[in-house]
Amino acid sequence: MSVQQWNAVDDYFSRSLVKQDAALEAALADSAAAGLPAINVAPNQGKFLNLLARIHGARRILEIGTLGGYSAIWLARALPADGRLVTLEFEPRHVEVAAANLARAGQADKVDIRQGAALDTLAQLIAEGAAPFDLIFIDADKPNNPHYLELALRLSRPGTVIIGDNVVRKGEVVNAASADPAIQGTRRFIELLGANPRLSATALQTVGSKGYDGFALAIVEA
Ligand code: SAM
């Protein structure tokens, strides 16, 4: 098995099933042109998020880590006309690019992009008394994932779905001795998901155009 083969299969699925449109392609092109790193979800992963949100009937979605708004477009498109996506991003340049990409995709009215460190913007949402979210996608700086999970739980209700991206990290997640803060943050995140009686969780390994990685999926119990 090779990375070339994973890419070929991802391309095949994306061509056959995902059918990315001009707004999504332009979002990736403009993000690249603006110098943003290509660390967005892959097209088939974006569609997966979109389907999960629709299967769940999500009306309020929270995303931690906007980048250029690629996954945000997929998530916003899953919402009904009166739905809301709140997406949190630290880098002002990323916010600017994401805002333009979401506007071109016709999703600007449904999306609230909040600039700042997510630990602060999450605390603001809690302080504002924000209504609970139906789905929360955690995809920012991995060392903070344990904190993001704790704060996400304060913005949840029974039935809220929580997804954490990049939890495998080329298999390094099993390296308890890793000195990488992203690995330690991911390991703590997995431990918290497993230990919290309010959560029922699993995680899946994936291969594809984004390499060998995976995501965690949890639901908040009653
Ligand atoms: N969800 C995006 C997508 O798939 O299109 C990709 C998000 S990218 C993996 C992570 C983003 O989190 C980057 O844009 C980065 O600037 C942002 N980020 C990193 N640290 C952050 C922090 N402390 N607070 C908010 N955003 C942060």
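Residues numbered from 1 in each chain as written. Predicted model: local features only at pLDDT ≥ 70, side-chain atom pairs only at ≥ 80, totals over all residues. Heavy atoms only, no water.

(A) Structural context of the overall build of the protein chain. Of the regular secondary structure elements, the protein chain holds eight helices and seven strands. Expected size for 222 residues packed as a compact globule is a radius of gyration near 17 Å; at 17 Å, the protein chain falls within 12% of this value. Counting only residues that meet the buried cut, the protein chain has 48% of its 222 residues in that class. Put simply, 71% of the contacts in the protein chain that link residues at least 6 apart link residues at least 24 apart. Counting every atom, the protein chain has about 10400 Å² of accessible surface; 56% of that belongs to carbon and sulfur. Here the protein chain contributes 21 positively and 24 negatively charged side chains, and the mean placements of these two sets differ by 5 Å. (Helix = DSSP H or I, 4+ residues; strand = E, 2+ residues; numbered from the N terminus. Rg over C-alpha atoms; globule rule 2.2 N^0.38 Å. Buried < 20%, exposed > 50% of the residue type's maximum accessible area, 1.4 Å probe, protein only. Contact = heavy atoms within 4.5 Å. Areas by Shrake-Rupley, 256 points an atom, 1.4 Å probe, with all protein chains shown as cover. Lys, Arg positive; Asp, Glu negative; His and termini not counted. Charge placed at Lys NZ, Arg CZ, Asp CG, Glu CD.)

(B) Quick peek at the site of the ligand. Looking at the ligand, there are 21 residues lining it, with V41, G65, S71, E89 and D139 nearest. Taking E63, its side chain carries an N or O atom lying 3.5 Å from a nitrogen atom of the ligand. In the model, a nitrogen atom of the ligand is placed 3.1 Å from a nitrogen or oxygen of the F90 main chain. Computed on the free molecule, the ligand has an accessible area of 600 Å², of which 89% lies beneath the protein chains in the complex. When its residues are assigned to classes, the shell around the ligand shows ten nonpolar, six polar and five charged. (Near = heavy atom within 4 Å. Polar contact = N/O pair within 3.5 Å; in protein donor to acceptor, adjacent residues only side chain to side chain. Nonpolar A, V, L, I, M, F, W, Y, C, P; charged D, E, K, R; others polar.)

(C) Broad picture of the packing of helix α6 (residues 118-128) against helix α7 (residues 145-154). Packing of α6 against α7 brings their axes to within 10 Å, and their N-to-C directions diverge by 15°. Between α6 and α7, the interaxial angle falls into the category roughly parallel. For the element pair α6 and α7, the recorded crossing hand is left-handed. Across the interface between the two elements, A118, L119, L122 and I126 from α6 touch H147, Y148, L151 and R154 from α7. Considered class by class, the residues forming the contact of α6 with α7 number six nonpolar, one polar and one charged. (Axes fitted to C-alpha atoms, helices over the stretch in contact; angles between N-to-C directions. Parallel < 35°, antiparallel > 145°, perpendicular 65-115°, else oblique. Left-handed = near helix turned anticlockwise from the far one by under 90°.)

(D) View of the packing of aromatic side chains. Scanning all chains against the criterion turns up two aromatic pairs. On the basis of an interplanar angle of 40° and a centroid distance of 5.8 Å, the ring pair of Y12 and F13 is categorised as tilted. The exposure class assigned to Y12 is partly exposed, which follows from its relative accessible area of 48%. F13 gets classed as partly exposed once you look at its relative accessible area, which sits at 36%. Taking the centre distance of 5.4 Å and the plane angle of 50° together, the rings of F48 and F215 count as tilted. Of this pair, F48 sits in helix α3 (residues 43-56) while F215 sits in strand β7 (residues 211-220), and the two are 167 residues apart along the sequence. (Phe/Tyr/Trp six-rings, centres within 6.5 Å; stacked < 30°, edge-to-face > 60°.)

(E) Up close: the environment of A100. Looking at where A100 falls in the secondary structure, it is placed in helix α5 (residues 92-104). Spatially, the C-alpha atoms of A100 and G68 are 8.7 Å apart, while their sequence positions differ by 32 residues.

(F) Just the nonpolar core, in detail. In terms of nonpolar packing, the biggest core is built from 27 residues, with I61, L75, L85, L135 and I163 touching the most fellow members. Residue contributions to this core peak at six residues, all from helix α4 (residues 70-77). I64, L88, Y148 and F189 belong to the second largest nonpolar core, which has 26 residues in total. (Core = buried A, V, L, I, M, F, W, Y, C linked by side-chain atoms within 4.5 Å.)

(G) Structural context of the sheet that holds strand β5 (residues 161-165). If you trace the seven strands from one edge of the open sheet to the other, you get β3-β2-β1-β4-β5-β7-β6, paired in mixed fashion. The sheet is open, and its two edges are formed by β3 (111-115) and β6 (199-208), each paired on a single side. On average, each strand axis in the sheet is tilted by 15° relative to the strand beside it, whichever way the strands run. In the packing of α4 onto the sheet, contacts are made with β1 (60-64), β2 (84-89), β3 and β4 (135-138), and the angle to β1 comes to roughly 170°. (Pairing = 2+ DSSP bridges.)

(H) Molecular detail of the packing of α3 against α4. Closest axis-to-axis distance for the α3/α4 pair is 8 Å, and the angle between their directions is 30°. Every pair of crossing elements has a handedness; the one defined by α3 and α4 is right-handed. The segment α3 lies against α4, with P43, G46, K47, L49 and N50 engaging Y70, S71, W74, L75 and R77. For the contact of α3 with α4, the residue count by class is five nonpolar, three polar and two charged.

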